[in-house]
Amino acid sequence: MDDNLPKLLTTPMTDRNARTLERLARRRLERGGAAFVADLGIGLAQRYRPTSAGSAVPAVFDELFDRLVRLLAVTRGPGHVDELLRLLVEGRPDDPEFDRYVASLLASSQRPADLAVVYEEGAAASEELRACLLQELVLRGVPVAETPGIASWATSPHWRDHPLGALPLVAAEPEREPELPAWSVDGSSCGLPYPDPEERHPAPRLDAAPVAAVETTTDATARAMASAVANWADHPEEPEGRVEARTFALAEPLDAEAVPAALVRLGLDCLSELGELPKPGARTAFGVVAVEPAEVWQLLFAASSTGGAYDSACYGAYGRLHAWRSLAALAGAPADAPPSEVEASVRACTWYRFGAATPWFHRVVWDLGVLTVSPDGRHLAVLAATTTD
């Protein structure tokens, strides 16, 4: 332990002092002081972490601790990952949500070879961190089943009961180019694939003959379809989040030109106040666009992994899981179907995204509307979601 550390740990936790400690940690890390950064974080955690349920943690400490974690996670150097693991097990034990966040930091910043220490026998790494890190690496194209130091854990059957264990160890076709965050000590950047809320489309044909539809939505199917956007509606800081997930059986096969008219006539909440549409040839904020499954996966993955307007991100590993659950349910694949069967079902369906200027949608950034038509044209599934700051 550094000789000056006991004195530093008695520093009152004010904003100014926290900034001073962070600057000191940065300087020490530049000179190879990864152990100092971990010791500082552990010492502060022992002082400020609550010892009983309901005890408050100073916000300034939480912010400083996060900065120290980021310092070690996003900066490459000898022993940085080892010291980060020590900091986590001592300063933030048994915190799965934080593990998911740290996995994203590490995968975006560290070389796979330097991450092998996470999977060493006896390493101070939780199973949650290992599982999440593995999926974060898969999303970044790392061949985890062939990477020394990682492969033996990745291919071991012992973690297959973990929720992430059913996901394939190689990215499937729809998820080959995910939008992933680039992290730094001071923040992150990540593209959002949502269409422009003001996007205009040629007015769709709405004069197709009506097709009789019977709603077939079940609670289980709706929950599965909404997996990727559940954090928009269920997160306590997303009070404006709305989700609509519904399925329908059609009396006759639905062709592509009839999809917009069928969508409008389904009685969806998100389109209930669509109002009068422009005549054919005009441009309107209501549109239905045929897309590839990869575009739908990108929307679903972004919705879950980055969250909505507030801190409701699930990060890459669970973002991948939730996107696949939603995609599988939209495609009508059984809940327990293996990934290869889900992918085949997804390829067989016809996919669309839609948008509408109705009061249901907030029309800020986070608007999502997707639908799929089954291969026989007789089943339609719709997922809409919106949230705002």
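Residues numbered from 1 in each chain as written. Predicted model: local features only at pLDDT ≥ 70, side-chain atom pairs only at ≥ 80, totals over all residues. Heavy atoms only, no water.

1. Section: the overall build of the protein
If you tally the helices and strands in the protein, you get 15 helices and 10 strands. Projected onto its principal axes, the C-alpha positions of the protein cover 80 × 45 × 35 Å. Per-residue burial for the protein yields a buried fraction of 52% across its 389 residues. In the protein, once contacts between residues fewer than 6 apart in sequence are set aside, the share between residues at least 24 apart is 73%. If you average the places of the 35 positive and of the 55 negative side-chain charges in the protein, the two averages end up 6 Å apart. (Helix = DSSP H or I, 4+ residues; strand = E, 2+ residues; numbered from the N terminus. Buried < 20%, exposed > 50% of the residue type's maximum accessible area, 1.4 Å probe, protein only. Contact = heavy atoms within 4.5 Å. Lys, Arg positive; Asp, Glu negative; His and termini not counted. Charge placed at Lys NZ, Arg CZ, Asp CG, Glu CD.)

2. Observations concerning the sheet that holds strand β9 (residues 367–373)
In a beta sheet, neighbouring strands pair by backbone hydrogen bonds and run either parallel or antiparallel. Pairing within the open sheet is antiparallel, and its six strands lie in the order β4-β5-β10-β9-β8-β7. Since the sheet does not close on itself, it has two edges, and those belong to β4 (213–215) and β7 (287–291), each with one partner. Each neighbouring strand pair of the sheet contributes to a mean axis angle of 25°, computed without reference to strand direction. As judged from the seven bridges shared by β9 and strand β10 (residues 379–386), these two strands associate in the antiparallel manner. Bridging from a neighbouring strand, Gly 369 pairs with Ala 384 of β10. Seen against the sheet, helix α13 (residues 293–305) touches β7, β8 (350–355), β9 and β10 and runs at an angle of roughly 140° to β9. Here helix α14 (residues 315–330) sits on the sheet and contacts β8, β9 and β10; the angle it forms with β10, its principal contact strand, is near 145°. (Pairing = 2+ DSSP bridges. Axes fitted to C-alpha atoms, helices over the stretch in contact; angles between N-to-C directions.)

3. What about the pairing of β10?
In terms of burial, β10 is largely enclosed, as seven of its eight residues are buried. Adjacent in sequence and paired antiparallel, β9 and β10 are bridged by five residues, among which Gly 377 carries a positive phi angle near 75°.

4. Things to note about the packing of aromatic side chains
When we look at a pair of aromatic rings, we describe it by the centre distance and by the angle of the planes. Under the defined criterion, the tally for this structure stands at 12 aromatic pairs. With a centroid separation of 5.7 Å and an interplanar angle of 50°, the aromatic rings of Tyr 101 and Tyr 315 are classed as tilted. Remark: Tyr 315 occurs in helix α14 and Tyr 101 occurs in helix α6 (residues 96–109); sequence separation between them is 214 residues. Each member of the pair, Tyr 101 as well as Tyr 315, carries the same accessibility label: buried. Ring centres of Trp 183 and Tyr 315 lie 6.5 Å apart, and the angle between their planes is 40°; this geometry places the pair in the tilted category. (Phe/Tyr/Trp six-rings, centres within 6.5 Å; stacked < 30°, edge-to-face > 60°.)

5. Focus: unusual backbone geometry
Only a minority of non-glycine residues have a phi that is not negative, and only a minority of peptide bonds are not trans. With a phi close to 70°, Tyr 315 is a non-glycine residue in the positive phi region. According to the relative accessible area criterion, Tyr 315 is buried, its value standing at 16%. Despite not being glycine, Arg 363 shows a phi value in the positive range, around 55°. Turning to its location among the elements, Arg 363 is positioned in the loop between β8 and β9.

6. Focus on helix α5 (residues 80–91)
For α5, built from 12 residues, the straight-helix expectation of 16 Å at 1.5 Å per residue is met to within 8% by its first-to-last C-alpha distance of 16 Å. Among the residues making up α5, those that are buried are His 80, Val 81, Glu 83, Leu 84, Leu 85, Leu 87, Leu 88 and Gly 91. In this structure, the buried side of α5 is in contact with α2 (15–30), α3 (34–48), α4 (59–74), α6, α7 (112–115) and α8 (127–139). (Expected span 1.5 Å × (residues − 1).)

7. Thoughts on the state of the cysteines
Note on terminology: a disulfide is the covalent bond linking the sulfur atoms of two cysteines. A complete count under the given rule lists zero disulfides for this structure. We note that Cys 132 lacks a disulfide partner, and the nearest cysteine sulfur, in Cys 314, lies 10 Å from it. Under the relative-accessibility criterion, Cys 132 is labelled buried at 0%. Here Cys 270 is not cross-linked by a disulfide; its sulfur's nearest cysteine counterpart is in Cys 349, at 19 Å. (Disulfide = S-S within 2.5 Å.)

8. Let's talk about the pattern of salt bridges
Here the structure, examined in full by the defined rule, presents 18 salt bridges. For Arg 130, the salt bridge identified is with Glu 127, shortest N-O distance 3.0 Å. One end of the pair, Arg 130, and the other, Glu 127, are both in helix α8, three residues apart, so they sit about a helical turn from each other. Accessibility expressed as a relative area gives 9% for Arg 130, which makes it buried. The partner of Glu 295 in a salt bridge is Arg 353, with the nearest N and O atoms 2.8 Å apart. Taken together, the residues span a long stretch of sequence, with Glu 295 in helix α13 and Arg 353 in strand β8 at a distance of 58 residues. Since its relative accessible area comes to 14%, Arg 353 is described here as buried. Put simply, Glu 22, Arg 26, Arg 67 and Asp 186 are held in one network by salt bridges that share partners. (Salt bridge = Lys/Arg side-chain N within 4 Å of Asp/Glu carboxyl O.)

9. Things to note about the environment of Val 74
Along the chain, the position of Val 74 falls in helix α4. With 13 residues separating them in the primary sequence, Val 74 and Phe 61 have C-alpha atoms 20 Å apart. Apart from the residues lying within four places of it in its own chain, the contact partners of Val 74 are Leu 105, Ser 109, Gln 110, Trp 183, Ser 184 and Val 185.

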